[in-house]
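Here is how the chains run, residue by residue.
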Amino acid sequence: MAEDSDLERTEDPSPRRLEEARNRGQVARSQELVTFSVLMAGIGSVIGFGASLLDTLKRVVSGNLQFDRATLGDPDQMLQHLSAAASDALMAVLPIMTATVVAAIIASISLSGWLFTFESLAPKFEKLNPMSGIGRMFSVRSLVEMVKAILKSSLIGGVAVIALWSDRDELLQLVAMSPLSGLSYLWELARTTLLIVAGSMALIVAIDVPFQLWDYKRNLRMTKEEVKQEMKESEGDPQVKGRIRQLQMQAARQRMMSEIPKANVIVTNPTHYAVALQYDEKKMKAPKVVAKGSFLLAERIIELGREHKVPILRTPPLARALYHHADLGEDIPTALYTAVAEVLAYIFQLNHFRRYGGAEPSLSTALPVPAELDPGARNRAGRGKREGGRVTPSPPQPSP
């Protein structure tokens, strides 16, 4: 059942799928909107420019039906007259043609915007398959288009018949009218009828445009599996991303381990945390953390420190504070400057003692580590308050 539901296209198309369909030239279109816009633009242009168009046509016809001796004797004169008449007629109908072309373009791009692609011009040989053509002829979409065409013709035809039938008495009186009066009446009747028919087409457009938008997105719906696959392709496979993060962590850990031999001291908890510090007064303004870790990683840091003879100092409060509040590769917090300075001074004195002898140095049993930076101190303080006891920090112990 789960597999069957995954195969159903129930998910809305993603922005990526819509963009791919657009690049293929597959966008929402409404032929009814284009037809309505062109018809309205044509009717409006004829009404607006009808008087000037009629005057131009009258002038062209009357002017070219008059002949003189020069015109009859020179065929070139007749061609010139014909060329001038055609030019005048073209200029007369040019505003109407321009209005209809502009209306067609605006209506075409109103739903999906401007689109220019050669994808639709590419040859598709599967369309030459007669069986596919027959399937398209008897498809549900073809049936819907046929029903829509019948309803549209019935609506437009019915509106036109009703409009003309309402003026049937005046139509019957045309035989008694003068030619000019009859033509004037017919023009008024034709204009009114065209406006009524065009208005009825607005109802068709109001139904067709939402249907085309819905049908367009319905055809691009995706299955749940397709959505998951697209997310993997766009955001990356979680397993691959996890593997990349793992490799990055391994590389960062290797770089961290390579810095341990350069450390001046490693402070420990002793086994929960280990933090390696490095300080070069000529190059650094403050000590920085070159390695840190907890549990197994802390044991590995301590092991590498011993291999490279890096002093290891057991200072639980300082180790906890550095681990939780000092970033790897960054300077230590300002609040820990004094405690770390005491540790580094102790290590310097210890190295001097081991090399030259003299009085053995000692480190304070209570390093100045702020309690708010030591999670262990806060926990012990809380327990001490509850139990009425007192917290005593353990003294730092350097490893041999």
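Residues numbered from 1 in each chain as written. Predicted model: local features only at pLDDT ≥ 70, side-chain atom pairs only at ≥ 80, totals over all residues. Heavy atoms only, no water.

Trainee: So what's going on with the overall build of the chain? Which residues, and what values?
Mentor: Per the secondary structure count, the chain includes 15 helices and 5 strands. Evaluated residue by residue, the chain yields a buried proportion of 29% over its 400 residues. A fraction of 74% describes how many contacts in the chain between residues 6 or more apart in sequence connect residues 24 or more apart. (Helix = DSSP H or I, 4+ residues; strand = E, 2+ residues; numbered from the N terminus. Buried < 20%, exposed > 50% of the residue type's maximum accessible area, 1.4 Å probe, protein only. Contact = heavy atoms within 4.5 Å.)

Trainee: Give me the pairing of strand β3 (residues 288-294): which residues, what numbers.
Mentor: Burial within β3 is extensive, with 5 of its 7 residues counted as buried. Relative to β3, strand β2 (residues 273-278) runs antiparallel, the two being bridged by 6 bridges. If you follow alanine 274 over to β3, its bridge partner there is glycine 293. (Pairing = 2+ DSSP bridges.)

Trainee: Lay out the packing of aromatic side chains in plain terms, naming residues and giving numbers.
Mentor: Counted under the stated rule, the structure contains 2 aromatic pairs. Between phenylalanine 211 and tryptophan 214 the ring centres are 6.0 Å apart and the planes differ by 35°, which places this aromatic pair in the tilted class. Here phenylalanine 211 and its partner tryptophan 214 are both found in helix α9 (residues 179-219), 3 residues apart, which amounts to about one turn of the helix. For tryptophan 214, a relative accessible area of 45% corresponds to the partly exposed category. Between tyrosine 273 and tyrosine 323, the ring centres sit 4.5 Å apart and the planes meet at 35°, which makes this aromatic pair tilted. Pair noted here: tyrosine 273 is in strand β2 and tyrosine 323 is in helix α13 (residues 316-325), with a separation of 50 residues, a long-range link. A relative accessible area of 17% places tyrosine 273 in the buried class. The aromatic ring of tyrosine 323 is capped on one face by lysine 292, whose charged end is 5.4 Å from the ring centroid. (Phe/Tyr/Trp six-rings, centres within 6.5 Å; stacked < 30°, edge-to-face > 60°. Lys NZ or Arg CZ within 6 Å of the ring centre and 35° of its normal.)

Trainee: So what's going on with the pattern of salt bridges? Which residues, and what values?
Mentor: What the rule picks out here adds up to 6 salt bridges. Where arginine 17 meets glutamate 226, a salt bridge forms, and the shortest distance between an N and an O atom there is 3.9 Å. One end of the pair, arginine 17, is in helix α2 (residues 15-23); the other, glutamate 226, is in helix α10 (residues 224-235), with 209 residues separating them in the sequence. On the basis of relative accessible area, arginine 17 is assigned to the partly exposed category, the value being 22%. The closest approach of N and O atoms between arginine 320 and aspartate 374, which form a salt bridge, is 2.6 Å. Of this pair, arginine 320 sits in helix α13 while aspartate 374 sits in the loop between α14 (337-356) and α15 (375-387), and the two are 54 residues apart along the sequence. Overall, the relative accessible area of 10% leaves arginine 320 in the buried class. (Salt bridge = Lys/Arg side-chain N within 4 Å of Asp/Glu carboxyl O.)

Trainee: Report on unusual backbone geometry, specifying residues and quantitative values.
Mentor: The backbone of phenylalanine 295 sits at a positive phi, close to 55°, despite the residue not being glycine. The topology assignment puts phenylalanine 295 in the loop between β3 and α12 (296-307). The phi angle at lysine 309 is positive, at roughly 60°, despite the residue not being glycine. If you trace the backbone, lysine 309 turns up in the loop between α12 and β4 (312-314). Since its relative accessible area comes to 73%, lysine 309 is described here as exposed.

Trainee: Describe in detail the confidence of the model for the chain, supporting the description with residues and values.
Mentor: Per-residue confidence for the chain averages 77 on the pLDDT scale, and 78% of its residues sit at or above 70. Mean pLDDT across the elements of the chain ranges from a minimum in helix α1 (residues 2-7), with 43, to a maximum in β2, with 93. Ignoring residues within four places in sequence, the model shows residues 1-6, a span with pLDDT below 50, making 3 contacts including any to other chains. With pLDDT under 50 throughout, residues 384-397 is counted as low confidence; its partners more than four residues away or in other chains account for 18 contacts. (pLDDT = per-residue confidence, 0-100.)

Trainee: Can you explain the environment of valine 310? Please cite residues and give values.
Mentor: Relative to the helices and strands, valine 310 resides in the loop between α12 and β4. With relative accessibility at 6%, the residue valine 310 sits in the buried group. Residues in contact with valine 310, not counting those within four places in the same chain, are Ile260, Pro261, Ala263, Asn264, Val265, Ile266 and Gly305.

Trainee: Just give me the short version of α12, but keep the residues and values in it.
Mentor: Across its 12 residues, α12 extends 17 Å between first and last C-alpha, which sits within 8% of the 16 Å expected from 1.5 Å per residue. Of the residues making up α12, those classed as buried are Ala298, Ile301, Ile302, Leu304 and Gly305. Mapping the buried residues of α12 onto a view down its axis gives an arc of 165°, with all of them on the same face. Of the exposed residues in α12, those oriented more than 90 degrees away from the buried face are Leu296 and Arg306. One or two positions beyond α12, positive phi appears at lysine 309, with a value near 60°. (Expected span 1.5 Å × (residues − 1). Arc of directions from axis to C-beta.)

Trainee: Any details on the environment of isoleucine 302? Residues and values, ideally.
Mentor: Counting through the fold element by element, isoleucine 302 comes out in helix α12. Residue contacts for isoleucine 302: discarding those within four places in its chain leaves Thr268, Pro270, Ala274 and Ile312.

Trainee: Requested: an account of α13, with residues and values cited.
Mentor: Where burial is concerned, most of α13 is hidden: 7 out of the 10 residues are buried. Buried within α13 are the following residues: Pro316, Pro317, Leu318, Ala319, Arg320, Ala321 and Leu322.

Trainee: Describe the side chain of glutamate 32, with residues and values.
Mentor: With respect to the helices and strands, the residue glutamate 32 is situated in helix α3 (residues 31-64). For glutamate 32, the residues in contact, after removing those within four places along its chain, are Lys148, Lys152, Ile204, Val205 and Asp208.

Trainee: Lay out the nonpolar core in plain terms, naming residues and giving numbers.
Mentor: Ranked by size, the top nonpolar core spans 24 residues in total, and within it Leu277, Leu318, Leu322, Leu336, Val340 and Val343 carry the most contacts. At the level of elements, β1 (265-268), β2, α13 and α14 are the ones that each hand at least two residues to this core. A per-element tally of this core places α14 first, with 7 residues. Residues in contact with leucine 336, not counting those within four places in the same chain, are Leu318, Ala321, Leu322, Val369, Pro370 and Leu373. By size, the runner-up hydrophobic cluster in this structure holds 15 residues, among which are Met257, Ile260, Ile266 and Ile301. (Core = buried A, V, L, I, M, F, W, Y, C linked by side-chain atoms within 4.5 Å.)

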